[in-house]
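# Structural features, examined
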Amino acid sequence: MSQDWNTRTRLVHEGTRRSQYNEVCEAIFLTQGFVYESAEAAEARFIESGPDEFIYARYGNPTVAMFERRIAALEGAEDAFATASGMAAVNGALLSMLKAGDHVVAARALFGSCLYILEEILPRYGVEVTFVDGTDLDQWAAALRPDTTLVFFETIANPTLEVIDVNAVSALARGVGAKVVVDNVFATPVFSRAVEQGVDVVIYSATKHIDGQGRALGGVILGSRDYIRKTVEPFMKHTGGSMSPFTAWVMLKGLETIDLRVRAQAASALAIAEALQDEAALARVVYPGHESHPQHALVKRQMGQGGTVVALELAGGKEAAFRFLNALEIILISNNLGDAKSIITHPATTTHQRLTDAQRDVLGISPGLLRLSVGIEDTSDLIKDLKQALAAV
Ligand SMILES: *Cc1c(COP(=O)(O)O)cnc(C)c1O
């Protein structure tokens, strides 16, 4: 593939492997394994397999390899390993790197399942985890120790949309020799510059913007070729969290349009945040790309645009939030994000229900807070839907 191709060209063509039929659309190699021409060929492949040689779909597959090439090109990472879900990616990235006795520093505001791994699973295997407020650089500096091996955070916190300074935290981590691992879902691979900002490992739930059409679960771990092939691949191929070839095909098709979709969604999200500024029923409209966001300057510097999610806080608490949700006509009540369809979530009673009131308070998840994932519908239709539902409150 050509090094000087720009992003949209790469998203359509990068990584394509054509079979002897020269198909236009990427083929789905829906096979668990591959036939060897001889016993000697099988032996040789198990010693070292070439770029077009595969062994077993848990280890790698041509359709999955196409997806890995294409997403690595988008992120600007050397290599990628595709996983069965976003959580298989988080689990694989962390467990493949850590061992008993290691120390991890993590931001406290995390996706529920990420929090479960860091709070429940890692300590069970002798890994010590210190949690900090990710937006407070002094807390990172105080928590990092000479024996800290890894730092983990979500670049934009779900659902409150606080932004972590990737450059600054990476520099602090590098100062003690710790690797930086980020869950980058809310930044999206379109707006991410995590690799150039000093991050060692970038993780996506492909279920979100990469599929972008709500069809399949998937994930990906991105990093240096050495890390992906020597640390992640052996762990993933032996523990079973690899992506299926069919899912890889869905995700490849998603990547073709991700730049168009996510840029349109972000433009719509900004227009929505702007249109809702003076609504009396709303106590707060939070959008990282809007000038009212307290970290707007950091967002501009870090990712240029504010992503596809807007947080709305109803002044009237849970009751008002539920009345608003039930009055929506286009926007769906569900809990995915990054989808072509606009989706709205009440975190306190769904995604963050497991937490105590005190934990939700610390994270800023109030009873009136809603997370709106803006889709690709017509912007004015979405604004009309939001305004008529606010009127019903
Ligand atoms: C959805 C999500 C995940 C988990 O991804 P799955 O594909 O559902 O396993 C992890 N982190 C963040 C920030 C997410 O939004």
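Before reading further, recall that the structure is shown in the block above.
Below you will find a few notes about this structure. (Residues numbered from 1 in each chain as written. Predicted model: local features only at pLDDT ≥ 70, side-chain atom pairs only at ≥ 80, totals over all residues. Heavy atoms only, no water.)

A few words now on the sheet that holds strand β3 (residues 128–132). Spatial ordering of the open sheet is given by β1-β7-β6-β5-β4-β2-β3, a layout of seven strands whose pairing is mixed. Two strands close off the open sheet at either side, each with one partner strand: β1 (79–83) and β3. Within the sheet, the average angular offset between the axes of one strand and its neighbour, ignoring direction, is 20 degrees. For β1 and strand β7 (residues 219–223), the ladder comprises five bridges, and the chain directions are antiparallel. Bridge pairing in β7 links Asp79 to Gly223. Against the sheet, helix α5 (residues 112–124) engages β2 (103–107), β3, β4 (148–154) and β5 (179–183), with an angle of about 140 degrees to β3. Strand contacts of helix α9 (residues 225–239): β1, β6 (201–205) and β7, with the helix running at about 20 degrees to β1, the strand carrying the most contacts. (Pairing = 2+ DSSP bridges. Helix = DSSP H or I, 4+ residues; strand = E, 2+ residues; numbered from the N terminus. Axes fitted to C-alpha atoms, helices over the stretch in contact; angles between N-to-C directions. Contact = heavy atoms within 4.5 Å.)

What follows is about the sheet that holds strand β11 (residues 343–345). Spatially, β8-β9-β12-β11-β10 is the arrangement adopted by the five strands of the open sheet, whose pairing is mixed. What marks the edges here is a single partner per strand, and that holds for β8 (282–286) and β10 (332–333).

Next up on the list: the site of the ligand. If you check the shell around the ligand, you find Ser85, Gly86, Met87, Phe111, Cys114, Glu154, Asp183, Val185, Ser205, Thr207, Lys208 and Gly218 and nothing else. In the environment of the ligand, an oxygen atom lies 2.9 Å from a nitrogen or oxygen atom belonging to the backbone of Met87. Contacts to the ligand include Lys208, whose side-chain N or O atom sits 2.7 Å from an oxygen atom. Classifying every residue of the shell around the ligand gives four nonpolar, five polar and three charged. (Near = heavy atom within 4 Å. Polar contact = N/O pair within 3.5 Å; in protein donor to acceptor, adjacent residues only side chain to side chain. Nonpolar A, V, L, I, M, F, W, Y, C, P; charged D, E, K, R; others polar.)

In this section: the side chain of Thr160. For Thr160, the position within the fold is in the loop between β4 and α7 (166–175). Judged by relative accessible area, which is 10%, Thr160 ranks as buried. Once residues within four sequence positions are removed from consideration, Thr160 is found in contact with Val286, Leu363, Gly364, Ile365 and Leu369. (Buried < 20%, exposed > 50% of the residue type's maximum accessible area, 1.4 Å probe, protein only.)

The final tally for this structure, using the stated rule, is five aromatic pairs. Look at Tyr56 and Tyr59: their rings are 6.3 Å apart centre to centre, the planes differ by 90 degrees, and that puts the pair in the edge-to-face class. You can call Tyr59 partly exposed: its relative accessible area is 24%. Ring centres 5.7 Å apart and planes at 65 degrees place the aromatic pair Trp140 and Phe153 in the edge-to-face group. Within this pair, whereas Trp140 is found in helix α6 (residues 137–143), its partner Phe153 is found in strand β4, the two being separated by 13 residues in sequence. Classification of Phe153 as buried rests on a relative accessible area of 0%. Its guanidinium or amino end placed over the ring of Phe111, Lys208 lies 5.2 Å from that ring's centre, counting from NZ or CZ. (Phe/Tyr/Trp six-rings, centres within 6.5 Å; stacked < 30°, edge-to-face > 60°. Lys NZ or Arg CZ within 6 Å of the ring centre and 35° of its normal.)

With that settled, the discussion passes to the nonpolar core. Ranked by size, the top nonpolar core spans 119 residues in total, and within it Phe67, Phe152, Phe153 and Phe324 carry the most contacts. Both domains that furnish three or more residues to this core are identified here as domain 1 (7–254) and domain 2 (258–392). Setting aside anything within four residues of it in sequence, one finds Phe153 in contact with Ala107, Trp140, Ile164, Val166, Val169, Val180, Val181, Val182 and Asp183. (Core = buried A, V, L, I, M, F, W, Y, C linked by side-chain atoms within 4.5 Å. Domains from an automatic or database assignment.)

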